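Below, each chain spelled out in residue letters.
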Amino acid sequence: MTSADVPGPATGTAPDGEPEEHVPGGPEERGGAREPGGPAEPGNPVERAARVPAGPSAPPIRRRRLGAALRRLRLAAGLTLQGAAERLEISDSTLSRLENGQGRLRRIDVSAALDVYGVVDEELRTTLLNLTGQIRDKGWWQYYRRAIPEPYADYISVEAAATSIDAHTVQLVHGLLQTEDYTRALAEAWRIRAEPLDVDALVAVRRTRQRMLGGADPLRLRVVMHEGALRQRVGGREVMRGQIERVIEESRRPNIIIQIITHSAGAYSGLDEPFAIVGFDNPLEHDVVCLDNLTRTHFLETVDEVRNYASVFDQLRAAALSPERSALWLADLLTKMES
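Residues numbered from 1 in each chain as written. Predicted model: local features only at pLDDT ≥ 70, side-chain atom pairs only at ≥ 80, totals over all residues. Heavy atoms only, no water.

J.: How would you explain the overall build of the protein chain if you had to name every residue and give the values?
T.: A count of helices and strands for the protein chain gives 14 helices and 6 strands. Restricting to contacts in the protein chain with at least 6 residues of sequence separation, those with at least 24 account for 80%. By element, 51% of the accessible surface of the protein chain is carried by carbon and sulfur atoms, the whole surface being about 15700 Å². (Helix = DSSP H or I, 4+ residues; strand = E, 2+ residues; numbered from the N terminus. Contact = heavy atoms within 4.5 Å. Areas by Shrake-Rupley, 256 points an atom, 1.4 Å probe, with all protein chains shown as cover.)

J.: Tell me what's going on with the pattern of salt bridges, and back it up with residues and numbers.
T.: This structure, assessed with the given rule, holds 12 salt bridges. The shortest N-O distance in the salt bridge between Arg184 and Asp200 comes to 3.0 Å. On the criterion of sequence distance, the pair formed by Arg184 in helix H9 (residues 180-189) and Asp200 in helix H10 (residues 196-209) is long-range, its members being 16 residues apart. The exposure class assigned to Asp200 is partly exposed, which follows from its relative accessible area of 40%. Linking Glu238 and Arg241 is a salt bridge whose minimum nitrogen-to-oxygen distance equals 2.5 Å. (Salt bridge = Lys/Arg side-chain N within 4 Å of Asp/Glu carboxyl O. Buried < 20%, exposed > 50% of the residue type's maximum accessible area, 1.4 Å probe, protein only.)

J.: Before we move on, can you summarise the environment of Arg65 with the specific residues and values?
T.: Tracing the chain through its elements places Arg65 in helix H3 (residues 61-76). When the C-alpha positions of Arg65 and His286 are compared, they lie 9.0 Å apart, and in sequence the two are 221 residues distant. Those residues in contact with Arg65, other than ones at most four positions away along the chain, are Phe280, Glu285, His286, Asp287, Val288 and Glu301.

J.: Explain the confidence of the model for the protein chain to me, using residue names and the numbers behind them.
T.: When pLDDT is averaged along the protein chain, the result is 80, and 79% of the positions lie at 70 or above. Every residue in residues 9-58 scores below 50 in pLDDT, and together they form 121 contacts with partners more than four places removed in sequence or on other chains. (pLDDT = per-residue confidence, 0-100.)

J.: So, the packing of helix H12 (residues 237-251) against helix H14 (residues 323-338): which residues are in play, and what are the values?
T.: Two measures define how a pair of helices packs: the angle their axes make with one another and the distance between the axes. H14 packs onto H12 with a crossing angle of 155° between their chain directions and a minimal axis gap of 10 Å. Between H12 and H14, the angle is such that the two are roughly antiparallel. In this structure, H12 meets H14 at a crossing whose hand is left-handed. Seen from H12, the contacting residues are Arg237, Met240, Arg241, Ile244, Glu245, Val247 and Ile248; seen from H14, they are Leu330, Ala331, Leu333, Leu334, Lys336, Met337 and Glu338. (Axes fitted to C-alpha atoms, helices over the stretch in contact; angles between N-to-C directions. Parallel < 35°, antiparallel > 145°, perpendicular 65-115°, else oblique. Left-handed = near helix turned anticlockwise from the far one by under 90°.)

J.: Give me the lowdown on the layout of surface pockets, citing residues and values where you can.
T.: Its volume calculated, the second largest pocket comes out at about 260 Å³. Looking at the lining of the second largest pocket residue by residue, the classes come out as 3 nonpolar, 2 polar and 7 charged. (1 Å grid on protein atoms, 1.4 Å probe; cavity = no way out; pocket = protein on both sides within 12 Å on 5 of 7 lines; lining within 4 Å. Points joined across faces, edges and corners; volume = space filled by probe spheres on them. Nonpolar A, V, L, I, M, F, W, Y, C, P; charged D, E, K, R; others polar.)

J.: Could you give an account of the sheet that holds strand E1 (residues 164-169), naming the residues involved and the relevant values?
T.: In a beta sheet, neighbouring strands pair by backbone hydrogen bonds and run either parallel or antiparallel. Taken together, the 6 strands give an open sheet; going across it, the order is E3-E2-E1-E4-E5-E6, and neighbouring strands pair in mixed fashion. Every other strand in the sheet has two partners, leaving strand E3 (256-261) and strand E6 (297-300) as the edge strands with one partner each. For this sheet, the mean inter-axis angle between neighbouring strands, taken without regard to orientation, is 15°. As judged from the 5 bridges shared by E1 and strand E4 (residues 275-279), these two strands associate in the antiparallel manner. Bridged to Asp166 within E4 is Ile277. With respect to the sheet, helix H8 (residues 150-160) is in contact with E1, E4, strand E5 (288-292) and E6, its orientation differing from that of E6 by roughly 40°. (Pairing = 2+ DSSP bridges.)

J.: Quick rundown of the side chain of Glu227? Include the residues and the values.
T.: Secondary-structure assignment places Glu227 in the loop between strand E2 (220-226) and helix H11 (228-231). Ignoring anything within four residues of it in the chain, the contact list for Glu227 reads Ile260, Ile261, Thr262, His263 and Trp329.

J.: Would you mind going over unusual backbone geometry in detail, with residue names and values included?
T.: Positive phi, normally seen in glycine, also occurs at Glu89, with a value near 60°. Tracing the sequence through the fold places Glu89 in the loop between helix H4 (81-88) and helix H5 (92-99). In this structure Glu89 comes out as exposed when scored by relative accessible area, which is 73%.

J.: Residues and numbers for H14, please.
T.: Given 3.6 residues to a turn, an α-helix orients residues that are three or four positions apart in the same direction. With 16 residues, H14 should reach 22 Å at 1.5 Å per residue; the first-to-last C-alpha distance of 23 Å fits that figure. For H14, every residue scored as buried is listed here: Ser326, Trp329, Leu330, Leu333, Leu334 and Met337. When H14 is viewed along its axis, its buried side chains cluster within an angular range of 135° and face the same direction. The outward face of H14, more than 90 degrees from its buried face, is lined by the exposed residues Glu324, Arg325, Leu328 and Lys336. If you follow the buried residues of H14, they end up packed against H11, H12 and E3. (Expected span 1.5 Å × (residues − 1). Arc of directions from axis to C-beta.)

J.: Now, about the nonpolar core: what can you tell me, with residues and values included?
T.: Among soluble globular proteins, nonpolar side chains are generally buried collectively. Among the nonpolar cores identified, the biggest contains 41 residues, and Ile165, Met225 and Leu230 are the most heavily contacted of them. If we skip the residues at most four places from it in the chain, Met225 touches Thr169, Val173, Leu177, Leu230, Ile258, Gln259, Ile260 and Ile261. Counting residues in each nonpolar core, the second largest holds 22 residues, with Ala69, Ala84, Ala113 and Leu284 among its members. (Core = buried A, V, L, I, M, F, W, Y, C linked by side-chain atoms within 4.5 Å.)

J.: Which residues make up H9, and what are the values?
T.: Restricting attention to buried positions, one finds in H9 the residues Tyr182, Thr183, Leu186 and Ala187. Viewed end-on, H9 has its buried residues packed into an arc of 135°, placing them on one side of the element. Projecting away from the buried face of H9 at angles above 90 degrees are the exposed residues Asp181 and Ala189.

Written as structure tokens, this is what we have:
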């Protein structure tokens with residue numbers, strides 16, 4: 001299972017333990033309108049929970065990747081860590097922390113580094129500076145930082161910047177395709193690890209994430225789903241009927257492709273491993289693979305790792321029913337549930 005699919009335990013913390021600021025809504029940035037249950041309304045219990053001070057966290061993946069890009073540029077310029085730090089008038093330990101994603105990079109810092117590293121390509125400079133601004137901006141999910149685990153928040157920050165996701169699901173319907181009833185049933189099953197307030201927040205987070213599938217520039221989503229995910233009666237018969245209807249409805253969007261792997265497919269590559277390949281148009285943000293379990297989210301970032309999973313995804317698509325046959329299979333499953 002992945003963070004995209006399962007609501008997690010309430011162990012989230014705010015990045016760097018920074019004081020709460022106004023949080024811009026994610027869907028508004030993509031042309032969507034805020035709805036009740038999206039980013040918290042001022043004064044409601046979810047927002048009050050979000051204002052509880054939190055401790056430090058591990059460096060988010062996008063900050064680590066920005067630091068890595070700056071390190072590559074420094075090495076390309078033939079500068080040692082100490083030499084670059086001297087020219088930037090900072091300590092080499094500070095520069096090392098920044099390159100490892102352990103410090104906040106301001107646009108002025110990145111601009112100074114690019115000058116020192118001799119980067120004159122205006123497109124590259126603009127891309128890096130824009131990425132710096134995006135990383136520093138607080139995302140809408142920060143409203144819920146006390147209700148969602150830190151790895152889930154880190155995944156959402158990556159997903160929010162993505163232009164495409166290729167996902168394989170085994171036991172559960174992908175989070176971006178889940179109905180509220182389905183999500184709530186999953187969250188209720190985690191009640192031993194989450195308080196009732198957190199269930200409401202998790203449902204709201206899931207609903208807000210799903211707005212990426214609409215708007216003027218929607219996320220491109222391809223999902224290969226094992227039929228077991230649709231036969232597992234999460235929440236009961238009525239909940240699953242509504243969930244199957246949602247999957248059918250979403251499959252009609254031009255930016256979404258859904259394929260079903262039936263039990264008759266037998267053994268195939270990737271049979272037991274759910275994963276998501278998150279893609280970006282930004283050339284500085286290479287595609288990343290997201291793996292997840294009950295305690296952590298793990299990102300695979302090397303070119304070879306991503307390429308391997310892309311190959312597995314192609315094999316999964318070949319083992320699955322075509323999108324057209326998958327639509328017929330879903331319609332038949334729904335008919336059988338209604339009879």
